[in-house]
Amino acid sequence: MSETLTIPRPDDWHLHLRDGAVLQAVLPETARHFARAIIMPNLVPPVITGADAAAYRDRILAALPSDMSFEPLMTLYLTENTDPSDVAAAQASGLIKAVKLYPAGATTNSASGVRDFDKVRGVLEKMAEIGLPLCVHGEVTDAEIDIFDREAVFIDRVLDPLRRATPGLRVVMEHITTRDGVDYVKAHDEALGATITTHHLVINRNHILVGGIRPHYYCLPVAKREEHRLALRAAATSGDKRFFLGTDSAPHTDPNKESACGCAGCFTATNTLSILAEVFEQEGALDHLSGFVSEHGPAFYGLPVNADTLTLTKGAAVPYPDKIDTDDGPVTLFDPQMPLHWRVS
Ligand code: NCD
Ligand code: ZN
């Protein structure tokens, strides 16, 4: 007899879909399993205004195969010139569900991000007033801060002062990678949430560097020591409503990853749910999988849990492709280095 697990259809609270040929190829990989996703705005040029977000949303829906349903939850890329009234109008029309803060230079396509936080004060105050969440890429960019310390330093130097200065602002710490991130979330109330990626539950920094450099495990924030991975696994599988799935599935074509200066990002859309079921089973927490992938995110964003369901069935190892083909070149799928027994049906 096979074991099955039926949960409300999941959502992905942090996703990169890109544009053009890559969008066309990767969108079905997410839409096959997920009902909705928070769509990251770090295109070139970025999605800055409500008009940009509306146009990008149209391109996503045009790329969606006709036999699939999927709702892109749009975000705006916060710049020092963002207009609070444009943000408020985009929320009021139902177009956007969050604004994304990238410290300038922190990650892929973040050059237009924020350098001087005083310049975005008006936008943040407006967001607190209208209840629009801020999604934060939580890494400092100072050259003298070690890359493995950048999240912890960001919490102390930027995030905590920013939250204190903007009472009522709802914040998502995106893709947390450290025990420090877990502890900071746990020490605060439910106006603060955090997404955790699939890959940060599986790899630590050794996976990137031991026995040869593995470009497909390189992402930002970079995976940390094992103790941090274990803290993330404990948080994700705990049932605590403040932690929810944001895959940060971030496709880059192989030539851009396998290069002298490779891009950051792990592409996990295709096998994420099989990996998560395996991880939650390993932790003896399959009963908390639904909370993490289907319930806590909607609760944070004030949206209904999806009415339809998804069933995972345990059996022989599920095969996944090594790569997804796009008209811009192949995109390698994240390899969890373990057999995956849970098939999505
Ligand atoms: C993301 C990307 O490629 O756009 N890369 C990544 O390593 N996660 C950007 C991001 O979310 O930091
Ligand atoms: Zn991301």
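The present account deals with the structure reproduced in this document. (Residues numbered from 1 in each chain as written. Chains lettered and ligands numbered in written order. Predicted model: local features only at pLDDT ≥ 70, side-chain atom pairs only at ≥ 80, totals over all residues. Heavy atoms only, no water.)

## Comments concerning the overall build of the chain
Right, so step 1: The helix and strand inventory of the chain stands at 11 helices and 13 strands.
Right, so step 2: Here the chain has a C-alpha radius of gyration of 19 Å; the compact-globule value for 345 residues is 20 Å, and the two agree.
Right, so step 3: With respect to the principal axes defined by its C-alpha atoms, the chain has extents near 60 × 45 × 40 Å.
Right, so step 4: Per-residue burial over the chain gives 57% buried out of 345 residues.
Right, so step 5: In the chain, 74% of the contacts between residues at least 6 apart in sequence involve partners at least 24 apart.
Right, so step 6: Of the roughly 13,400 Å² that the chain leaves accessible, carbon and sulfur atoms contribute 50%.
Right, so step 7: The average position of the 31 basic charges and that of the 46 acidic charges among the side chains of the chain differ by 2 Å. (Helix = DSSP H or I, 4+ residues; strand = E, 2+ residues; numbered from the N terminus. Rg over C-alpha atoms; globule rule 2.2 N^0.38 Å. Buried < 20%, exposed > 50% of the residue type's maximum accessible area, 1.4 Å probe, protein only. Contact = heavy atoms within 4.5 Å. Areas by Shrake-Rupley, 256 points an atom, 1.4 Å probe, with all protein chains shown as cover. Lys, Arg positive; Asp, Glu negative; His and termini not counted. Charge placed at Lys NZ, Arg CZ, Asp CG, Glu CD.)

## Let's talk about the nonpolar core
Right, so step 1: Core analysis: the biggest nonpolar cluster contains 93 residues, and Leu17, Ile96 and Leu134 have the highest contact counts within it.
Right, so step 2: Among all residues touching Leu134, those that are not within four sequence positions of it are Leu78, Val99, Leu101, Leu124, Met127, Leu162, Leu169, Arg170, Val171 and Val172.
Right, so step 3: Counting residues in each nonpolar core, the second largest holds 12 residues, with Trp13, Ile38, Tyr77 and Val172 among its members. (Core = buried A, V, L, I, M, F, W, Y, C linked by side-chain atoms within 4.5 Å.)

## Some points on the pairing of strand β5 (residues 96-101)
Note on strand geometry: in a regular strand, side chains alternate between the two faces of the sheet.
Right, so step 1: Among the six residues in β5, six count as buried, and that is most of the element.
Right, so step 2: After leaving strand β4 (residues 71-77), the chain enters helix α3 (residues 84-92) and then returns to the sheet as β5, a path that is right-handed.
Right, so step 3: Pairing geometry for β5 and strand β6 (residues 134-136), over three bridges, is parallel. From the neighbouring strand, Leu101 faces β6, where its bridge partner is Val136.
Right, so step 4: Considered for its hand, the β-α-β crossover made up of β5, helix α4 (residues 121-130) and β6 is right-handed. (Right-handed = clockwise from strand over helix to strand, strands pointing away. Pairing = 2+ DSSP bridges.)

## Details of helix α1 (residues 20-31)
Right, so step 1: For α1, spanning 12 residues, the distance from its first C-alpha to its last is 17 Å, which sits close to the expected 16 Å at 1.5 Å a residue.
Right, so step 2: Counting buried residues in α1 gives nine out of 12 residues, a clear majority hidden from the surface.
Right, so step 3: All of the buried residues in α1 are Val22, Leu23, Ala25, Val26, Leu27, Pro28, Glu29, Thr30 and Ala31.
Right, so step 4: Among the structural elements, β2 (11-15), α2 (50-63) and β11 (323-324) are those in contact with the buried residues of α1. (Expected span 1.5 Å × (residues − 1).)

## Quick word on the sheet that holds β5
Right, so step 1: Pairing in this open sheet of eight strands is parallel, and the strands run β2-β3-β4-β5-β6-β7-β8-β9 from one edge to the other. The sheet is open, and its two edges are formed by β2 and β9 (243-245), each paired on a single side. With strand direction ignored, the average angle separating the axes of adjacent strands in the sheet is 30°.
Right, so step 2: The sheet contacts of helix α6 (residues 179-186) involve β7 (171-173), β8 (192-196) and β9, and relative to β8 the element is tilted by about 150°.
Right, so step 3: Sheet contacts for helix α11 (residues 289-301): β2, β3 (36-39), β5, β6, β7, β8 and β9; angle to β9, the most-contacted strand, approximately 115°. (Axes fitted to C-alpha atoms, helices over the stretch in contact; angles between N-to-C directions.)

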